[in-house]
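Coordinate analysis (summary)
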Amino acid sequence: MQKQKGWQRLLQGGFALLFLSACSIGVTVHGSYSYLEGTPPTQKDVSAITYHDFFAQSQGGASDSILSVGNVKGLVIPVGFTDYAWDKNSRLQDLDAAFNGKSAETHYWESVSSFYEKSSFSKLHLSFTIASPFETGVSAASFLTKSTDINSSKSAVSSLLASAVNAYKTKTGDSCKDFDADGNGLIDAVYLIYACPDYLVSSDKGLTDLAEREGYWAYTARDSSAHPNVDSPVGRSFTWASYDFLYRGVSERASSEADISVDAHTYIHETGHLLGLDDYYSYTPNQADYTNPNYKYYMPTGGLNMMDLNILDHDAWSKFALGWSKPYV
């Protein structure tokens, strides 16, 4: 604590005296508290407010998040390219297991649905529709030409989001109202799972130019240009991620007859973003030259958090913010 100069203490004391003098007029004292006449204290119950309520008001209403309590349905749309297609039916089965399966059915850990059922103390019930693959009609390199980061790829993916959702509506005749639990005219969550490998492992699979690859990673974003439609909800909040995250902790099965074994960690982490949670790690290295081999980024949660290193569970603060637990005060 810094020491104050004499004149600062006098000035603050004067303001305090002035404030007390002004407040002494019309003050009624009841027991241990007092209030100005005409403004009796009221107790507000804010226990039902969740992060969704605050997130919906941010950025002028341009943001949207999944309701964190109740029954919520998400739309999963596989995305194919001329050089990377969803040609294996087993991959679609694996995708369904990763999002909808019971923990025993993943043969590895949790699905997105089973994780949030447990993490929310059975307050959030997620279920997902796996749509037919949406074909872009272009190669992966052409789709994200020289797209080196989230900002430059977001425009192309946002346009794809609208096209893929419209194609789903046309093909199925579904208005998508079931995907709008809060009734705001926006689909609560759209997952665009592309058939191209994630850029970290794609250098030997056709995308040789790094600038053509870096748009292929996992992120969650919002298309603020999407106009809500209560009768036929549109996509705004979306996750863009590779199919190969299905097999990060396991090996892709060789045939459709083999047991399903899938890893949903990345999709679970991205669902946290769709709920409104941020990454709980720094994007900036704490040492520019990476000379410290022990840690390169500040990690306030020590990495032991679903919104940090994509592992374990959500922390106590996240569960409080999402309305899954209440503190004792």
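For the structure given in this document, a descriptive report is provided here.

Calculation notes
Residues numbered from 1 in each chain as written. Predicted model: local features only at pLDDT ≥ 70, side-chain atom pairs only at ≥ 80, totals over all residues. Heavy atoms only, no water. Helix = DSSP H or I, 4+ residues; strand = E, 2+ residues; numbered from the N terminus. Areas by Shrake-Rupley, 256 points an atom, 1.4 Å probe, with all protein chains shown as cover. Buried < 20%, exposed > 50% of the residue type's maximum accessible area, 1.4 Å probe, protein only. Phe/Tyr/Trp six-rings, centres within 6.5 Å; stacked < 30°, edge-to-face > 60°. Polar contact = N/O pair within 3.5 Å; in protein donor to acceptor, adjacent residues only side chain to side chain. Expected span 1.5 Å × (residues − 1). Contact = heavy atoms within 4.5 Å. Axes fitted to C-alpha atoms, helices over the stretch in contact; angles between N-to-C directions. Parallel < 35°, antiparallel > 145°, perpendicular 65-115°, else oblique. Left-handed = near helix turned anticlockwise from the far one by under 90°. Nonpolar A, V, L, I, M, F, W, Y, C, P; charged D, E, K, R; others polar. Pairing = 2+ DSSP bridges.

Topic: the overall build of the chain
Regarding its fold elements, the chain presents nine helices and 10 strands. Of the roughly 17,500 Å² of accessible surface on the chain, a fraction of 56% belongs to carbon and sulfur atoms.

A look at helix 4 (residues 112–119)
Of all eight residues that make up helix 4, six are buried, and the element is covered over most of its length. Burial in helix 4 covers these residues: Val112, Ser113, Ser114, Phe115, Tyr116 and Ser119.

A word on the packing of aromatic side chains
Considering all chains together, one arrives at 18 aromatic pairs under this definition. Measuring from ring centre to ring centre gives 5.0 Å for phenylalanine 99 and phenylalanine 128, while their planes differ by 65°; the resulting arrangement is edge-to-face. Of the two residues, phenylalanine 99 sits in helix 3 (residues 89–100) while phenylalanine 128 sits in strand 4 (residues 124–130), which places them 29 residues apart along the sequence. Between tyrosine 243 and tyrosine 247, the ring centres sit 6.4 Å apart and the planes meet at 65°, which makes this aromatic pair edge-to-face. The rings of Phe81, Phe143, Tyr194, Tyr216 and Trp240 are connected pair by pair, giving a single aromatic cluster.

A word on the side chain of serine 120
As for its placement among the helices and strands, serine 120 is situated in the loop between helix 4 and strand 4. You can call serine 120 buried: its relative accessible area is 0%. Within the local environment of serine 120, its side chain forms a polar contact with the backbone nitrogen of leucine 124, the two atoms lying 2.9 Å apart.

Quick look at helix 3
With 12 residues, helix 3 should reach 16 Å at 1.5 Å per residue; the first-to-last C-alpha distance of 16 Å fits that figure. Buried residues of helix 3: Ser90, Arg91, Leu92, Asp94, Leu95, Ala97, Ala98 and Phe99, and no others. Buried residues belonging to helix 3 abut strand 3 (70–80), helix 4, strand 4, strand 7 (190–194) and helix 8 (265–274).

Focus: the environment of serine 132
The residue serine 132 is located in the loop between strand 4 and strand 5 (134–135) in this model. Considering only alpha carbons, one finds serine 132 and lysine 171, 39 residues apart in sequence, at a separation of 9.1 Å. Setting aside chain neighbours within four positions, we find serine 132 in contact with Ile77, Pro78 and Lys171. For serine 132, the side chain forms a polar contact with the side chain of lysine 171, separated by 3.4 Å.

Notes on the packing of helix 4 against helix 8
Put simply, helix 4 and helix 8 touch, their axes get as near as 9 Å, and they point 55° apart. Overall, the two elements helix 4 and helix 8 adopt an arrangement that is oblique. The interaxial crossing formed by helix 4 with helix 8 has right-handed handedness. Counted together, Val112, Phe115 and Tyr116 of helix 4 and Tyr267, Ile268, Thr271 and Gly272 of helix 8 form the full contact between these two elements. Of the residues in the contact of helix 4 with helix 8, the class split is five nonpolar, two polar and no charged.

Regarding the pairing of strand 7
Burial analysis of strand 7 places five of its five residues in the buried class, the great majority of the element. On strand 7, burial covers both faces: Val190, Leu192 and Tyr194 on one face and Tyr191 and Ile193 on the other are all buried. When strand 3 meets strand 7, the two strands line up parallel, connected through five bridges. Bridge pairing in strand 7 links valine 79 to tyrosine 194. Bridge count for strand 7 against strand 10 (residues 237–242) is five bridges, and the pairing is parallel. Pairing of tyrosine 191 across the sheet is with threonine 239, part of strand 10.

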